[in-house]
2 protein chains.
Amino acid sequence: MSIDTSQSAVVSDEVLDLVFREARTVNTFSDEDVSDEQVREVWELVRWGPTAFNSLPMRMLLVRSTEARERLASHMSGSNAAKTLRAPLSIVLAADLDFHEHLPRLAPHLAALRDQLADAPDSRTATSRDNTFLQAGYLVVGLRAAGLHVGPMTGFDAPGVDADLFAGSPWRSIMVLNVGAAPADHEGFSTPATRDRQARLDFEDVARVV
Amino acid sequence: MSIDTSQSAVVSDEVLDLVFREARTVNTFSDEDVSDEQVREVWELVRWGPTAFNSLPMRMLLVRSTEARERLASHMSGSNAAKTLRAPLSIVLAADLDFHEHLPRLAPHLAALRDQLADAPDSRTATSRDNTFLQAGYLVVGLRAAGLHVGPMTGFDAPGVDADLFAGSPWRSIMVLNVGAAPADHEGFSTPATRDRQARLDFEDVARVV
């Protein structure tokens, strides 16, 4: 007997197209603003995604002011600087190395874990980074489900961003997301605007059965 | 002017509940099978999620046979062993350290990248691990959107799994997902069955604006 996936009937092709199939990395946006409230609503959705012992280490720096935007852009590689200056909103995703301080609230059933992690900085760094990337996956999906377009970038000087924007903080940058609405003439293309959609791997390339 | 999110009207509350708000880590499943075909369909959806230079480093080992299941369970920590033995399907998510071999096909516009990465094993390891966690986020969403329930676990002896199941392979385990249908009496609880849903962080805990 195979699983009754009747529940999945609620997920229409239109939704799957919006979030995955037709979604594209967008690097040119319209002038429309993205409000803090919109990002808050997305966070209040994607925070339910599972993380290791409910650690939730991902943090978000919403870069809005011209001064902060220019500081961020100064650390971006190549064309990522111009993309960042043009975006309605850039979000620096960071791994909080002190995520363990929240564990008494987030994982009260693991009473000893906060103190164990306090003495294990290497383990904390790895857990924070791994689970921040995991949460970044949920966040990309959540932003798209909210009708926003995203341009994720890892091409930047992360230690430079950390020294500049996170001095004295346990936040460590791992990704920058440009967020906005696509321009009216957007046809789903990444930059350069004429690049065709890139290939993906097939199931046979990525899966084995034992 | 704020963004027209009319597109998001296609994403119903029912979908957001299924994928995020009401979804729970499930560790006890019904006896129903999960077919390779179901996993293939989910892969063909989530493979469209963005990764750094379209690297797509995530690999999946579908663990079905009793012998393979017992070998995997022998490396799982504590109660994760029993959870793995009971699940209809366990998927070992792995980071492919040789993902760069696919780049001529996946990122033909970055002609030099494969050879650059061939000489940079540390960079390759980090990129593979980071982006596999990112893709794991897409996969959890995709499995839930297909009506499946998941129980993600990072509590296992990863070097032990790699030596046992990935000997001679560039795949490195980063997470194990138990996958199936929830039992009929499932009320959304994680194990132990009576544990209430754990708290999540608020927007003010995780976000700053500059």
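Residues numbered from 1 in each chain as written. Chains lettered and ligands numbered in written order. Predicted model: local features only at pLDDT ≥ 70, side-chain atom pairs only at ≥ 80, totals over all residues. Heavy atoms only, no water.

## Here we look at the overall build of chain A
Part 1 of the reasoning: Along its length, chain A carries nine helices and five strands.
Part 2 of the reasoning: Based on the C-alpha atoms only, the size of chain A along its principal axes is roughly 60 × 55 × 35 Å.
Part 3 of the reasoning: Within chain A, the fraction of its 210 residues that count as buried is 56%.
Part 4 of the reasoning: Here chain A contributes 20 positive and 30 negative side-chain charges, whose respective centroids are spaced 3 Å apart. (Helix = DSSP H or I, 4+ residues; strand = E, 2+ residues; numbered from the N terminus. Buried < 20%, exposed > 50% of the residue type's maximum accessible area, 1.4 Å probe, protein only. Lys, Arg positive; Asp, Glu negative; His and termini not counted. Charge placed at Lys NZ, Arg CZ, Asp CG, Glu CD.)

## With respect to the sheet that holds strand 1 (residues 58-63) of chain B
Part 1 of the reasoning: If you trace the five strands from one edge of the open sheet to the other, you get 5(A)-1(B)-2(B)-4(B)-3(B), paired in mixed fashion. On the outer flanks of this sheet lie strand 5 (207-209) of chain A together with strand 3 (149-153) of chain B, each paired with one strand and no other. In this sheet, neighbouring strand axes are inclined to one another by 25 degrees on average, regardless of whether the strands run parallel or antiparallel.
Part 2 of the reasoning: Note that strand 1 of chain B and strand 2 (residues 89-96) of chain B share six bridges and pair antiparallel. Note on strand 2 of chain B: the bridge partner recorded for Met60 of chain B is Leu93 of chain B.
Part 3 of the reasoning: Across the face of the sheet, helix 3 (residues 66-73) of chain B comes into contact with strand 1, strand 2 and strand 4 (171-180) of chain B while running at roughly 65 degrees to strand 2 of chain B.
Part 4 of the reasoning: Helix 7 (residues 121-145) of chain B rests against strand 1, strand 2, strand 3 and strand 4 of chain B of the sheet, and its axis sits at about 10 degrees to strand 4 of chain B. (Pairing = 2+ DSSP bridges. Axes fitted to C-alpha atoms, helices over the stretch in contact; angles between N-to-C directions. Contact = heavy atoms within 4.5 Å.)

## Things to note about the pattern of salt bridges
Residues and elements named next belong to chain A.
Part 1 of the reasoning: Evaluation of the coordinates by the stated rule reveals 32 salt bridges over all chains.
Part 2 of the reasoning: Among the ionic pairs, Arg21 bridges to Asp13, the shortest N-O distance being 3.2 Å.
Part 3 of the reasoning: For Arg21, a relative accessible area of 29% translates into the label partly exposed.
Part 4 of the reasoning: The residue Arg71 makes a salt bridge to Asp164 at a minimum N-O spacing of 2.8 Å. Note that Arg71 is positioned in helix 3 (residues 66-73) and Asp164 in helix 8 (residues 158-165), a separation of 93 residues in sequence.
Part 5 of the reasoning: Its relative accessible area of 26% is what places Asp164 among the partly exposed residues. (Salt bridge = Lys/Arg side-chain N within 4 Å of Asp/Glu carboxyl O.)

## A short note on the packing of aromatic side chains
Part 1 of the reasoning: Going through the model one piece at a time under the given rule, you end up with four aromatic pairs over all chains.
Part 2 of the reasoning: Plain terms: the ring middles of Phe20 of chain A and Tyr138 of chain B are 6.2 Å apart, the flat faces sit at 85 degrees to each other, and that makes the pair edge-to-face. One end of the pair, Phe20 of chain A, is in helix 1 (residues 13-21); the other, Tyr138 of chain B, is in helix 7, on a second chain.
Part 3 of the reasoning: Directly above the ring of Trp171 of chain B sits Arg208 of chain A, whose terminal nitrogen or CZ lies 3.8 Å from the centroid. (Phe/Tyr/Trp six-rings, centres within 6.5 Å; stacked < 30°, edge-to-face > 60°. Lys NZ or Arg CZ within 6 Å of the ring centre and 35° of its normal.)

## A look at the UniProt feature "domain: Nitroreductase" (unreviewed entry) in chain A
Part 1 of the reasoning: The residues that UniProt annotates with the feature "domain: Nitroreductase" (unreviewed entry) are residues 22-180 of chain A.
Part 2 of the reasoning: Its end C-alpha atoms 16 Å apart, residues 22-180 of chain A is made of 43% helix and 18% strand. (UniProt positions renumbered as here; feature names shortened; annotations may be inferred.)

## Some remarks on the pairing of strand 3 (residues 149-153) of chain A
Walk down a regular strand and you will see the side chains alternate between the two sheet faces.
Residue and element names in this part refer to chain A.
Part 1 of the reasoning: The buried count for strand 3 comes to four of five residues, which makes it a mostly enclosed element.
Part 2 of the reasoning: In this structure, strand 3 lies alongside strand 4 (residues 171-180), joined through five bridges in antiparallel fashion. Across the sheet, residue Met153 finds its bridge partner in strand 4, namely Val176.

## Some words on the nonpolar core
Part 1 of the reasoning: Core analysis: the biggest nonpolar cluster contains 81 residues, and Met60 and Leu93 of chain A together with Met60 and Leu93 of chain B have the highest contact counts within it.
Part 2 of the reasoning: Not counting the four nearest positions on each side in its chain, Met60 of chain B is found in contact with Phe203, Val206, Ala207 and Arg208 of chain A together with Val39, Trp43, Ile91, Val92, Leu93, Leu139 and Trp171 of chain B. (Core = buried A, V, L, I, M, F, W, Y, C linked by side-chain atoms within 4.5 Å.)

## Describing the sheet that holds strand 2 (residues 89-96) of chain A
Part 1 of the reasoning: The strand order across the open sheet formed by five strands is 3(A)-4(A)-2(A)-1(A)-5(B), and the pairing between neighbours is mixed. Unpaired on one side and paired on the other, strand 3 of chain A together with strand 5 (207-209) of chain B mark the two borders of the sheet. Averaged over all pairs of adjacent strands, the angle between strand axes in this sheet comes to 25 degrees, irrespective of strand direction.

## Description of helix 8 (residues 158-165) of chain B
Part 1 of the reasoning: When helix 8 of chain B is considered as a whole, its buried residues turn out to be Gly160, Val161, Asp162 and Leu165 of chain B.
Part 2 of the reasoning: Those residues of helix 8 of chain B that are buried lie in contact with strand 1, helix 3, strand 2 and strand 4 of chain B.

## Points about the environment of Ala118 of chain A
Residue and element names in this part refer to chain A.
Part 1 of the reasoning: Mapped onto the elements, Ala118 comes out in helix 6 (residues 113-118).
Part 2 of the reasoning: For Ala118, a relative accessible area of 38% gives the class partly exposed.
Part 3 of the reasoning: With 18 residues separating them along the chain, Ala118 and His100 place their C-alpha atoms 7.2 Å apart.
Part 4 of the reasoning: In this structure, Ala118 is in contact with His100 and Arg124, ignoring residues within four places of it in sequence.

## Structural notes on the relation of the copies chain B and chain A
Part 1 of the reasoning: The two copies are related by a screw motion: chain B maps onto chain A through a turn of 180 degrees and a shift of 0.0 Å along the axis, at an RMSD of 0.0 Å. A rotation of that kind, with that shift, is consistent with a two-fold axis.
Part 2 of the reasoning: Comparing interface residues between copies, 100% of those in chain B also sit at the interface in chain A, which points to an isologous, same-surface contact. (Least-squares fit on C-alpha atoms with pLDDT ≥ 70 in both.)

## Examining the packing of helix 2 (residues 36-46) of chain B against helix 7 of chain B
All names here are of chain B.
Part 1 of the reasoning: One can describe the packing of helix 2 onto helix 7 by two numbers: an axis separation of 9 Å at closest approach and a directional angle of 125 degrees. It follows that helix 2 is oblique to helix 7 by the angle criterion. For helix 2 against helix 7, the interelement crossing comes out right-handed. When helix 2 is examined against helix 7, the residues Val42, Trp43, Leu45 and Val46 are found in contact with a partner set consisting of Gln135, Tyr138, Leu139, Gly142 and Leu143.
Part 2 of the reasoning: Grouping the amino acids of the contact of helix 2 with helix 7 by side-chain chemistry returns seven nonpolar, two polar and no charged. (Parallel < 35°, antiparallel > 145°, perpendicular 65-115°, else oblique. Left-handed = near helix turned anticlockwise from the far one by under 90°. Nonpolar A, V, L, I, M, F, W, Y, C, P; charged D, E, K, R; others polar.)

## Here we look at the interface of chain B and chain A
Part 1 of the reasoning: If you look at the interface, chain B gives 84 residues, while chain A gives 84 residues.
Part 2 of the reasoning: Together, the buried faces of chain B and chain A total about 8,100 Å²; carbon and sulfur atoms form 63% of this surface.
Part 3 of the reasoning: Between Asp205 of chain A and Arg105 of chain B there is a salt bridge whose closest N-O contact spans 3.2 Å.
Part 4 of the reasoning: Take the side of chain B that touches chain A: its biggest share by element is eleven residues, from helix 7 of chain B.
Part 5 of the reasoning: Looking at the side of chain B that touches chain A residue by residue, the classes come out as 45 nonpolar, 18 polar and 21 charged. (Buried area = accessible area lost by both parts, 1.4 Å probe.)

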